[in-house]
Amino acid sequence: MRLRRGISLIGRIAARNLLNIVRIPGNVITVVGLPVLTLVIFSGAFDRITTVAGFPTNQSITWMTPYAAALGAIFAGLGSAFNVQRDIANGFMDRLLVTPASRACLILGEVAGSIGRALIQLVALLAVAIPAGLRMPAGPVALVPLVFLSAGVATWSGLCGLALMYLMRSAQALGAVTGILLLVGVLSTGLAPLRYQLGWLRAVARVNPLTPVLAGGRQGFLGTISWGQTGPALLALVAVTAVLGLLTAFGLRSLTAAR
Amino acid sequence: MTLRMSTTGRMSTTGRMSTTGPTSTTGAMVRRSLVALVRQPAAWLPGVALPLVIAAVFTANYHSAAALAGFPARLSYLRYLLPAVVMIGSLYAGIAAGSFVTDDLASGFQRRLLLTPVPRALIVAGPLVAAAVQALAQGGLFLVVFRLAGGGWPADVPLLLAGAALLAVAVAGLAIAVGLRTGDNEVMQSTFGVLLIAMFASSAFFPATLMHGWFAAVATRSPLTWLADGIRDARPVPALITPLALAAVTLSLTALALRRGDAR
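Okay, so let's go over this structure. (Residues numbered from 1 in each chain as written. Chains lettered and ligands numbered in written order. Predicted model: local features only at pLDDT ≥ 70, side-chain atom pairs only at ≥ 80, totals over all residues. Heavy atoms only, no water.)

## Describing the overall build of chain A
Counted only if it meets this: For the purposes of this entry, the term helix denotes a DSSP run of H or I that reaches at least four residues, the term strand denotes a run of E that reaches at least two, and both are numbered from the N terminus. With C-alpha atoms as the basis for the radius of gyration, the globule rule is written as 2.2 Å multiplied by the number of residues raised to the power 0.38.
If you tally the helices and strands in chain A, you get 10 helices and zero strands. Of the regular secondary structure in chain A, the N- to C-terminal order runs α-α-α-α-α-α-α-α-α-α. Computed over the C-alpha atoms, the radius of gyration of chain A is 19 Å, within 12% of the 18 Å expected from 2.2 N^0.38 for a compact globule of 259 residues. Along the three orthogonal principal directions, the C-alpha set of chain A runs to about 60 × 35 × 35 Å.

Listed below in structure tokens is the structure:
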């Protein structure tokens, strides 16, 4: 009974998060427009970079689609941070905190909303990428790791945004959240493989948890799907989610104590 | 610095601003914008940091592009990127000017200015000059950083700086027009994203000759391609005429917004 109530609450918070996509017109641009634009712009502008000897694919859209999905998932999590910022500013969060709702449900509801946003983006992205010639040597099963990538990065981004919003409780925190998440996004193998990167970026990208997740999400588009790529991706997703989950729980406890 | 108005319509800053002399009025408006810029690092710091981060990340990823057939000879990718980095700084300087005017509109200061005998054109003169000055200062800093990073000097330094300043004025004109029209800082700031995307669809980051299909067609016809290539190849006509023409268009939009009374 308690579990069912918790799941229902998570669903309602997630639905409220998703409803904001249509209620706030600007959100349609960030949720659907930005990832598609990222894909079109990067694969168009840097198309010829894939002709450099040894590049894993000779088609930039194939290389860029998983990265655009990851960036889209980052924007999805940022959307949840914006929601929470609004809730804190207009007092809705205070009202939520005095209800008997479990704190975990409040967090999981927003995370589920972030995942929902990311999956909407992914559909929009694939609707552009597949007709544009996205290759899937592994067949349609290539989409499964991509869904995991999208949902996993949205979870990271959502948790990171919530943690910082709960801890800093101001609109200024949004700038910090955006900066941190975009840095994680660009200091990875999103634009080029590790061996083509200059030393300093290669060193950073190697320890960036997004790098194995991107490799896992890309595998079905570059060749076959293997545990050698999937294992490190899942490990990174679980480990970072656990750390960010603890940080978010700590943030919400600190917000509750301050109210 | 805050401008205060007396009931007689006179404004005073640290001293007094006479409404009779357009030169002193312009000076006061420009001074106010520059002081506000210097006092608010949030207004200029991203304009310095973002282009340098983009340069570092793109060079680290795409340095091998310089080996591609068709890439401009004798240019490293870092050197190729210099005009793009300066142009992003100019975009940011222009948006900062738009933000300044939009904030004035939101706080009601713009409305009080319109009640004074100050000519409307002078109301936006301050932010426009501040945008040009910011672009020049950023451009100088980027030149030094690129030189230290091994990017060398561009073919024509004064041309690069002049192009940067004119582009900043053009972008400021657009940003101010959008700010006056919408009165919404968030909407106004979204023009930065639109312009940044437009830069990707040009030869700013990658030669248009190495793109293909519709993207190459768009990039070849983009005014930002003419500007970036003009600066890169030290050709004064495209490097100066392009931003001048853009400025003429966007400043007309600003004038229209002022005349329509959007600032009220």
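## What about the overall build of chain B?
The line we're drawing: Relative accessibility decides the category of a residue: with a 1.4 Å probe and only protein chains considered, values under 20% of the type maximum give buried, values over 50% give exposed, and everything between is partly exposed. Should any heavy atoms of two residues lie within 4.5 Å, those residues are counted as being in contact. Method for areas: the Shrake-Rupley scheme with a 1.4 Å probe, in which residue coverage is limited to the protein chains shown.
Helix and strand counts for chain B come out as 11 helices and three strands. Across chain B, helices and strands are ordered from the amino to the carboxyl terminus as β-β-β-α-α-α-α-α-α-α-α-α-α-α. Relative to the compact-globule value of 18 Å for 264 residues, chain B shows a C-alpha radius of gyration of 20 Å, a close match. Its C-alpha atoms give chain B principal-axis dimensions of roughly 70 × 35 × 30 Å. Across the 264 residues of chain B, 54% fall into the buried class. Nonlocal contacts in chain B, meaning residues at least 24 apart in sequence, comprise 74% of its contacts between residues at least 6 apart. If you sum the accessible surface of chain B, you get close to 11200 Å²; carbon and sulfur atoms cover 66% of it.

## With respect to the interface of chain A and chain B
We apply this condition: By definition, the buried area sums, over both parts, the 1.4 Å-probe accessible area that each loses when the two are put together. What counts as a salt bridge is simple: a side-chain nitrogen of Lys or Arg found within 4 Å of a carboxyl oxygen of Asp or Glu. What qualifies as a polar contact is a pair of N or O atoms within 3.5 Å, subject to a donor-acceptor requirement within protein and to the restriction that residues adjacent in sequence count only when both atoms come from side chains. Only Asp, Glu, Lys and Arg are considered charged, only Ala, Val, Leu, Ile, Met, Phe, Trp, Tyr, Cys and Pro nonpolar, and every remaining residue, Gly among them, polar.
Across the contact, 22 residues belong to chain A and 23 residues belong to chain B. Summed over both sides, the interface between chain A and chain B buries roughly 2100 Å², with carbon and sulfur atoms accounting for 74% of that surface. When residues of chain A are sorted by the area they lose upon contact with chain B, I41(A), F46(A) and R48(A) head the list and together hold 28% of the total. The tally of links between chain A and chain B comes to zero salt bridges. Applying the counting criterion to the chain A and chain B interface returns five residue pairs in polar contact (both at pLDDT 80 or more). Contributions of two or more residues to the side of chain A that touches chain B are made by α2 (25-45), α7 (172-186) and α8 (199-207) of chain A. No other element matches the six residues that α2(A) contributes to the side of chain A that touches chain B. Tallied by class, the residues present in the side of chain A that touches chain B amount to 17 nonpolar, three polar and two charged.

## Observations concerning the nonpolar core
Our working rule: Only buried residues count toward a nonpolar core. Its members are Ala, Val, Leu, Ile, Met, Phe, Trp, Tyr and Cys residues joined through side-chain atoms within 4.5 Å.
Counting residues in each nonpolar core, the largest one holds 127 residues, and the members touching the most others are F46(A), F58(B), Y77(B), M199(B), F205(B) and F206(B). In terms of residue count, the dominant contributor to this core is helix α3 (residues 60-90) of chain A (16 residues). Once residues within four sequence positions are removed from consideration, F205(B) is found in contact with F46(A), I54(B), F58(B), Y77(B), Y80(B), L81(B), A84(B), I88(B), M199(B) and F200(B). Core analysis: the second largest hydrophobic core is formed by 17 residues, V124(B), A165(B), V169(B) and I176(B) among them.

## Topic: helix α9 (residues 210-222) of chain A
All names here are of chain A. Heads up, the rule is: One less than the number of residues in a helix, times 1.5 Å, gives the span that helix is expected to have. Note that bend, as reported per residue, equals the angle between axes fitted to the 7 residues terminating at that residue and the 7 residues originating from it.
Taking 1.5 Å of rise per residue, the 13 residues of α9 would be expected to cover 18 Å, and the 18 Å separating its terminal C-alpha atoms lies within 8% of that figure. Most pronounced at G216, the bend in α9 amounts to some 30 degrees. Of all 13 residues that make up α9, 10 are buried, and the element is covered over most of its length. Looking only at α9, the buried set comprises L210, T211, V213, L214, G216, G217, R218, Q219, G220 and F221.

## Some points on the pattern of salt bridges
Residues and elements named next belong to chain B. Applying the stated criterion across every chain, the model contains four salt bridges over all chains. Note that R232 is salt-bridged to D229, the shortest N-O span being 2.9 Å. Taken together, the positions of R232 and D229, both in helix α10 (residues 223-232) and three residues apart, correspond to about one turn of that helix.

## Considering helix α1 (residues 2-23) of chain A
Turn by turn, an α-helix covers 3.6 residues, leaving residues three or four places apart pointing in a common direction. All names here are of chain A. The condition is simple: The directions from the helix axis to the C-beta atoms are what the arc is built from.
Taking 1.5 Å of rise per residue, the 22 residues of α1 would be expected to cover 32 Å, and the 31 Å separating its terminal C-alpha atoms lies within 8% of that figure. Listing the buried residues of α1 in full gives G6, I10, I13, A14, N17, N20 and I21. Take α1 and look down its axis: the buried residues cluster within an arc of 125 degrees, on one side only. Relative to its buried face, α1 has exposed residues pointing more than 90 degrees away, namely R4, R5, R12, V22 and R23.

## Notes on the environment of L113(B)
Considering the arrangement of structural elements, one finds L113(B) in helix α4 (residues 109-114). Along the sequence, L113(B) and I123(B) sit 10 residues apart, while their C-alpha atoms lie 7.5 Å from each other.

## Side note on the packing of α3(A) against helix α5 (residues 103-129) of chain A
Residue and element names in this part refer to chain A. Selection rule: An axis is simply a line fitted to the C-alpha atoms; with a helix, the fit covers only the stretch in contact. Between two such axes, the angle follows the N-to-C directions and lies from 0 to 180 degrees. By convention, the crossing between two helices is left-handed when the near helix turns anticlockwise from the far helix through less than a right angle, and right-handed when the turn is clockwise.
Where α3 meets α5, the axes come as close as 8 Å, and the angle between the chain directions of the two elements is 145 degrees. The two elements α3 and α5 cross, and the hand of that crossing is right-handed. Here the residues of the contact of α3 with α5 sort into 12 nonpolar, eight polar and three charged.

## Some words on the packing of aromatic side chains
Residue and element names in this part refer to chain B. Heads up, the rule is: Centres within 6.5 Å make a pair out of two Phe, Tyr or Trp rings, where for Trp the six-membered ring is used; the pair is then stacked when the planes are under 30 degrees apart, edge-to-face when over 60, and tilted otherwise.
Scanning the entire structure with this criterion turns up 20 aromatic pairs over all chains. Ring centres of F58 and F205 lie 5.4 Å apart, and the angle between their planes is 45 degrees; on these two criteria the pair is classed as tilted. Here F205 lies in the loop between α8 (185-200) and α9 (213-221) and F58 lies in helix α2 (residues 41-62), a separation of 147 residues in the sequence. For the pair F58 and F205, a shared accessibility class is recorded, and that class is buried. Aromatic pair Y62 and Y77: ring centres 6.4 Å apart, planes at 80 degrees, arrangement edge-to-face. In this pair, Y62 sits in helix α2 while Y77 sits in helix α3 (residues 77-107), placing the two residues 15 residues apart along the sequence.

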